[in-house]
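Chain by chain, the residues run as shown.
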Amino acid sequence: MRKKIVAGNWKMNNTLQEGLALTFRIIDLLKENPADHVKVIVAPPFTSLHPICELINKEGVIHLAAQDCHQEKSGAFTGEVSSDMLFDLGVKYVIVGHSERRHYFNETDALVLAKAEAALDVGLRPIMCFGETQEQRSRGEHFDAVKKQLENSLLKINPADIAHVVIAYEPVWAIGTGQNATPQQAQEMHAFIRSTVAGKFGKNAADDILIIYGGSCNSKNSKELFSQPDIDGGLIGGASLKADEFVQIVRSA
Ligand code: 13P
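Residues numbered from 1 in each chain as written. Predicted model: local features only at pLDDT ≥ 70, side-chain atom pairs only at ≥ 80, totals over all residues. Heavy atoms only, no water.

Right, let's get into the overall build of the protein. Within the protein, the regular secondary structure consists of eleven helices and eight strands. Its C-alpha atoms give the protein a radius of gyration of 17 Å, within 12% of the compact-globule value 18 Å for 253 residues. By principal-axis analysis of the C-alpha atoms, the protein measures approximately 45 × 45 × 35 Å. Buried positions account for 52% of the 253 residues belonging to the protein. Relative to all contacts within the protein whose residues are 6 or more apart in sequence, the contacts with residues 24 or more apart total 73%. (Helix = DSSP H or I, 4+ residues; strand = E, 2+ residues; numbered from the N terminus. Rg over C-alpha atoms; globule rule 2.2 N^0.38 Å. Buried < 20%, exposed > 50% of the residue type's maximum accessible area, 1.4 Å probe, protein only. Contact = heavy atoms within 4.5 Å.)

This is the structure in structure tokens:
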């Protein structure tokens, strides 16, 4: 059976002190009442990764992700952070291809693939994000849109590495809007993604791969979303910034 993942993507929120306090509280709550069936991940901004990593190494219980990485190992790329640097710090996962990066930083499917490969090369697990826009869904093109993203990136991953990839389905129209995909809408897209993975990498790989949902997921809607057969947890934005709310979401998985 697939283990569930609940990951908190803090985006550009929390100073170091705020981030440490939030991580402390999450760890405390999970120590009080463990949720061992769920892999809990936090993705703070780069500036907080090192101290939060030290805290996590000391306390255990949760795991650490970065929100992005550069596709090259090193070089003259002012302002960028490589997958090597993240791995060296103790980071285990990295989000790539988030729709905010695609939208605000013009990231293409090819770049998302390059970043995922850079992560895999050093032993980081990429959380690869996919999802359609509102316009694509209203035109009935949501499956085609996601399929194209998958074909241009995920399906080009080396088959030997696919077991290390986590997929996040994040419909753009659901992110930060308070309008989550219904469990039925999410389930049918997750099933579609899983069957697309099966078509390329085989049934076993598809059965094992984790596909998590993101987009206005909170403690009120998470239980029904996570109980769908192809939804293996969540990638949580706004609701991951409060420890109690985030841990409630973890417990619903
Ligand atoms: P919200 O949960 O704030 O909608 O954000 C989802 C998201 O983008 C997680 O990566």
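Once you've had a look at it, read on.
So, on to the packing of aromatic side chains. A complete count under the given rule lists two aromatic pairs for this structure. Here the aromatic rings of tyrosine 169 and tyrosine 213 are separated by 6.3 Å at their centres, their planes lie at 55°, and the arrangement is tilted. Separated by 44 residues along the polypeptide, tyrosine 169 in strand S6 (residues 166-169) and tyrosine 213 in strand S7 (residues 210-214) bring together distant segments of the chain. The class of tyrosine 169 is buried, set by a relative accessible area of 0%. (Phe/Tyr/Trp six-rings, centres within 6.5 Å; stacked < 30°, edge-to-face > 60°.)

Attention shifts here to helix H7 (residues 142-152). Where H7 is concerned, the buried positions are His142, Ala145, Val146, Gln149 and Leu150. Take H7 and look down its axis: the buried residues cluster within an arc of 135°, on one side only. Summarising the geometry of H7, the exposed residues directed more than 90 degrees from the buried face are Asp144 and Lys148. Looking at the buried side of H7, the elements it contacts are helix H4 (99-104), helix H5 (109-122), strand S5 (125-130), helix H6 (134-138), S6 and helix H8 (183-201). (Arc of directions from axis to C-beta.)

To continue, consider the pattern of salt bridges. Following the criterion strictly, the structure yields 16 salt bridges and no others. Between glutamate 100 and lysine 11 there is a salt bridge, and its shortest N-O distance comes to 2.7 Å. Of this pair, glutamate 100 sits in helix H4 while lysine 11 sits in the loop between strand S1 (4-9) and helix H1 (16-32), and the two are 89 residues apart along the sequence. On the basis of relative accessible area, glutamate 100 is assigned to the partly exposed category, the value being 26%. Residues arginine 194 and aspartate 230 are paired through a salt bridge, measuring 2.6 Å at the closest nitrogen-oxygen approach. Within this pair, whereas arginine 194 is found in helix H8, its partner aspartate 230 is found in the loop between helix H10 (222-226) and strand S8 (233-236), the two being separated by 36 residues in sequence. (Salt bridge = Lys/Arg side-chain N within 4 Å of Asp/Glu carboxyl O.)

Our focus in this paragraph is the sheet that holds S7. Taken in spatial order, the eight strands of this closed barrel run S1-S2-S3-S4-S5-S6-S7-S8, and their pairing is parallel. If you compare each strand with its neighbour and ignore which way they point, the axes differ by 25° on average. The pairing of S5 with S6 spans four bridges and is parallel. Residue pairing for S6: isoleucine 127 is matched across the bridge by valine 166. (Pairing = 2+ DSSP bridges. Axes fitted to C-alpha atoms, helices over the stretch in contact; angles between N-to-C directions.)

We now examine the site of the ligand. Around the ligand, the surrounding shell consists of Asn9, Lys11, His98, Glu170, Ala174, Ile175, Gly176, Gly215, Ser216, Leu235, Gly237 and Gly238. In the environment of the ligand, an oxygen atom lies 2.9 Å from a nitrogen or oxygen atom belonging to the backbone of glycine 237. Here an oxygen atom of the ligand and a backbone polar atom of glycine 238 are 2.8 Å apart. Compared with its free state, where it exposes 310 Å², the ligand has 95% of that area covered by protein. Residues that form the shell around the ligand fall into these classes: three nonpolar, seven polar and two charged. (Near = heavy atom within 4 Å. Polar contact = N/O pair within 3.5 Å; in protein donor to acceptor, adjacent residues only side chain to side chain. Areas by Shrake-Rupley, 256 points an atom, 1.4 Å probe, with all protein chains shown as cover. Nonpolar A, V, L, I, M, F, W, Y, C, P; charged D, E, K, R; others polar.)

What follows deals with the pairing of strand S3 (residues 63-66). Side-chain positions along a regular strand alternate between the two faces of the sheet. Bridge analysis of strand S2 (residues 38-43) against S3 gives two bridges, and the strand direction is parallel. Paired with valine 42 across the strands is leucine 64, a residue of S3. The handedness of the S2 to S3 crossover, carried by helix H2 (residues 46-59), is right-handed. Sheet topology note: the S3/strand S4 (residues 93-96) ladder contains two bridges and is parallel. The partner of alanine 66 across the bridge, within S4, is valine 94. (Right-handed = clockwise from strand over helix to strand, strands pointing away.)

This brings us to the packing of H7 against H8. Relative to each other, H7 and H8 sit at 40°, their axes nearing to 11 Å. Where H7 crosses over H8, the two elements pack in a sense that is right-handed. Along its contact with H7, which presents His142, Phe143, Val146, Lys147 and Leu150, the element H8 presents Glu188, Met189, Phe192, Ile193 and Thr196. Tallied by class, the residues present in the contact of H7 with H8 amount to six nonpolar, two polar and two charged. (Left-handed = near helix turned anticlockwise from the far one by under 90°.)

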